Amino acid sequence: MTFQPVVVGSGLAGWAFLAQTRDTQEAAFQAGGALTRDTDYFRERIGEIGSAEELVSDRRLLRVALGAFGLDSEIDSRFFVRKVLEEGTLANDTFANRLSDKRYFALSEAFGFDLDPPNTALSTFGDQIVAQYRGRQFEVAVGEVASDMRLALSLDREIATVTDRQLSDDAAWFTMMATPPLRAVFEQALSIPGSAGALDIRRQLELFREKAAVVFGTSEFSQFGTAEGTEALRDRFLAQSDLTVAPSVASRGSVALALLQEAQAPGFGGLLP
């Protein structure tokens, strides 16, 4: 049976509980049989894959490949994914470079099917993708309980994908705006409605900067690249989440905690008093 993560409460209180129990909960989740079978299969087979066509033809491999980049829902878009992978990222006019969602760029860049040999030939590649997949699948499972907690869990990684690239300030903001999970965090933290996505792209940039300056004291994206900056963003996001969460969530969390304490659920190892 697959372990179902437990989230108690919402907002900052819910995050405090999840952060405290994350290692134990994630270990219990990672021990699931289906997850282990899929990742073992990926490790065994990926070194033999030399083209995008071969990858998309194997659904089990493709599920892990897409899931490692948060693209699980694209599992049936084989021709689309194949095009993303085949063209690679080296040329400016490739499909991955032209797509607004930068997760496709990360996917294509990681597999490197525009290289000879592709990155799938590297001895460390299978372990790298499997680690990403396992981490993201735990986030997905948490998201089935509380969607905002999934976003909070992913924030450190998503911020790093922008700040580690040493982009200009404009480019960093644009990349954030084109990364759905990250944009969702910023929109909620800065009280920007989703409808702002219909505005001219330059006006969107101005809006995010203006709001960031008011809330965080500066409009520079680089502020979020520090541990303190990321934590401040997450705290603001979760505080705003608490303002919009349904009243029943907190009570459901209390029930879950009570059941967990009473049952001393296997896998928690005496975590709770």
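Before any of the text, the structure's been laid out above.
Described below are features of the structure shown in this document. (Residues numbered from 1 in each chain as written. Predicted model: local features only at pLDDT ≥ 70, side-chain atom pairs only at ≥ 80, totals over all residues. Heavy atoms only, no water.)

## Observations regarding the overall build of the chain
Next, step 1: Looking only at helices and strands, one finds 14 helices and 0 strands in the chain.
Next, step 2: Helices and strands in the chain line up, N terminus first, as α-α-α-α-α-α-α-α-α-α-α-α-α-α.
Next, step 3: Going through the 273 residues of the chain one by one, you find that 47% of them count as buried.
Next, step 4: Contacts in the chain between residues far apart in sequence, at least 24 positions, make up 60% of those at least 6 positions apart.
Next, step 5: Carbon and sulfur atoms make up 53% of the accessible area of the chain, which amounts to about 13200 Å² in all. (Helix = DSSP H or I, 4+ residues; strand = E, 2+ residues; numbered from the N terminus. Buried < 20%, exposed > 50% of the residue type's maximum accessible area, 1.4 Å probe, protein only. Contact = heavy atoms within 4.5 Å. Areas by Shrake-Rupley, 256 points an atom, 1.4 Å probe, with all protein chains shown as cover.)

## Re the environment of A91
Next, step 1: With respect to the secondary-structure elements, A91 resides in the loop between helix 5 (78–87) and helix 6 (95–98).
Next, step 2: Of the residues examined, A91 reaches a relative accessible area of 34% and is grouped as partly exposed.
Next, step 3: C-alpha of A91 to C-alpha of D114: the two residues are 23 residues apart in sequence and 9.6 Å apart in space.

## Structural notes on the pattern of salt bridges
Next, step 1: The tally for this structure, following the rule as stated, stands at 23 salt bridges.
Next, step 2: For R82, the salt bridge identified is with E86, shortest N-O distance 2.7 Å. Taken together, the residues span about one helical turn, with R82 and E86 both in helix 5 at a distance of 4 residues.
Next, step 3: Given the relative accessible area of 26%, R82 is considered partly exposed.
Next, step 4: One salt bridge in this structure joins D170 and R202, with 3.3 Å as the shortest N-O distance. Placement of D170 in helix 10 (residues 169–177) and of R202 in helix 12 (residues 201–216) is noted, with a sequence separation of 32 residues between them.
Next, step 5: Looking at D170, the relative accessible area reads 24%, which means it is partly exposed.
Next, step 6: Here the residues in one salt-bridge network are R136, E139, R157 and E158, joined through shared partners. (Salt bridge = Lys/Arg side-chain N within 4 Å of Asp/Glu carboxyl O.)

## Side note on the packing of aromatic side chains
Next, step 1: Scanning the entire structure with this criterion turns up 13 aromatic pairs.
Next, step 2: Measuring from ring centre to ring centre gives 5.1 Å for W173 and F221, while their planes differ by 80 degrees; the resulting arrangement is edge-to-face. Pair noted here: W173 is in helix 10 and F221 is in the loop between helix 12 and helix 13 (227–244), with a separation of 48 residues, a long-range link. Summarising the burial analysis for this pair, W173 and F221 share the class buried.
Next, step 3: Ring geometry for W173 and F224: centres 6.3 Å apart, planes at 90 degrees, overall edge-to-face. Pair noted here: W173 is in helix 10 and F224 is in the loop between helix 12 and helix 13, with a separation of 51 residues, a long-range link.
Next, step 4: In textbook terms, an aromatic cluster arises when at least three aromatic residues are bridged by ring pairs, as seen for W173, F186, F208, F216, F221 and F224.
Next, step 5: Over the ring of F95 we find K83, and its NZ or CZ is 5.4 Å from the ring centre.
Next, step 6: In this structure, R165 packs its charged tip against the face of F105, placed 5.5 Å from the ring centre. (Phe/Tyr/Trp six-rings, centres within 6.5 Å; stacked < 30°, edge-to-face > 60°. Lys NZ or Arg CZ within 6 Å of the ring centre and 35° of its normal.)

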